[in-house]
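Listed here are the chains, written in short residue letters.
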Amino acid sequence: MMTAIGKENENPFVLQNVRTVLEMIEEALQKPPTKMKIDVDSVENRLVRLRDHLIADHRRHQSDSRAFVQSPTLLRINTALSLIVSIGYPGAGIYREGLEEARLLLHELIPDKS
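Residues numbered from 1 in each chain as written. Predicted model: local features only at pLDDT ≥ 70, side-chain atom pairs only at ≥ 80, totals over all residues. Heavy atoms only, no water.

Below, the discussion takes up the overall build of the protein. On a plain count of helices and strands, the protein comes out with five helices and zero strands. Each helix and strand of the protein, placed in order from N terminus to C terminus, yields the pattern α-α-α-α-α. In the protein, buried positions account for 35% of the 114 residues. Look at the contacts in the protein between residues 6 or more apart in sequence, and 74% of them connect residues 24 or more apart. If you sum the accessible surface of the protein, you get close to 7000 Å²; carbon and sulfur atoms cover 54% of it. (Helix = DSSP H or I, 4+ residues; strand = E, 2+ residues; numbered from the N terminus. Buried < 20%, exposed > 50% of the residue type's maximum accessible area, 1.4 Å probe, protein only. Contact = heavy atoms within 4.5 Å. Areas by Shrake-Rupley, 256 points an atom, 1.4 Å probe, with all protein chains shown as cover.)

Our focus in this paragraph is the environment of Asn 17. Mapped onto the fold, Asn 17 is located in helix 1 (residues 12–29). For Asn 17, a relative accessible area of 8% translates into the label buried. For Asn 17 and Arg 46, which are 29 residues apart along the polypeptide, the C-alpha to C-alpha distance reads 7.5 Å. Not counting residues up to four positions away in its chain, the partners in contact with Asn 17 are Arg 46 and Leu 50.

Looking now at helix 2 (residues 37–61). With 25 residues, helix 2 should cover 36 Å at 1.5 Å per step; its first-to-last C-alpha distance of 36 Å lies within 8% of that length. Among the residues of helix 2, those classed as buried are Asp 39, Val 40, Val 43, Leu 47, Leu 50, Leu 54 and His 58. (Expected span 1.5 Å × (residues − 1).)

Listed below in C-alpha cells is the structure:
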C-alpha cells in the first residue's frame with residue numbers, strides 16, 4: 001500500500017470517511033453489476049460530503065487557495081468521485097472497473113502502518 005499524502009490525511013474525519021467509502025466499495029464489488037446501483041449511489045453521496053467538508057474546512061481556515069486546489073487529497077477524492085459518477089450513466093463502462101479504479105485512488109489516502 002502507498003504512503004498517505006496531504007495534511008488532510010491527519011484529520012480523523014477524513015480518514016474515517018475514506019475507510020468507510022472503501023468498505024462500501026468492497027461490499028458493492030461483491031455484487032453483480034445489476035445489483036450495485038444503491039451501493040454506488042451511497043458511495044457517491046459519501047464522497048460528495050467528504051469533498052464538501054474539505055472545502056468548508058479550507059474556507060474556515062482561509063488557507064492559500066492555490067495550495068488547496070493542488071491538494072493531493074482533494075484531487076484523489078474528486079477523481080474518485082468522477083469515476084463513481086461516470087459509472088452511473090448507461091454506456092459509460094462497467095460498474096466494476098470504475099469502482100476498482102476509485103478504490104485504488106482512495107487507498108493512497110490511508111497511512112501505511114509499516
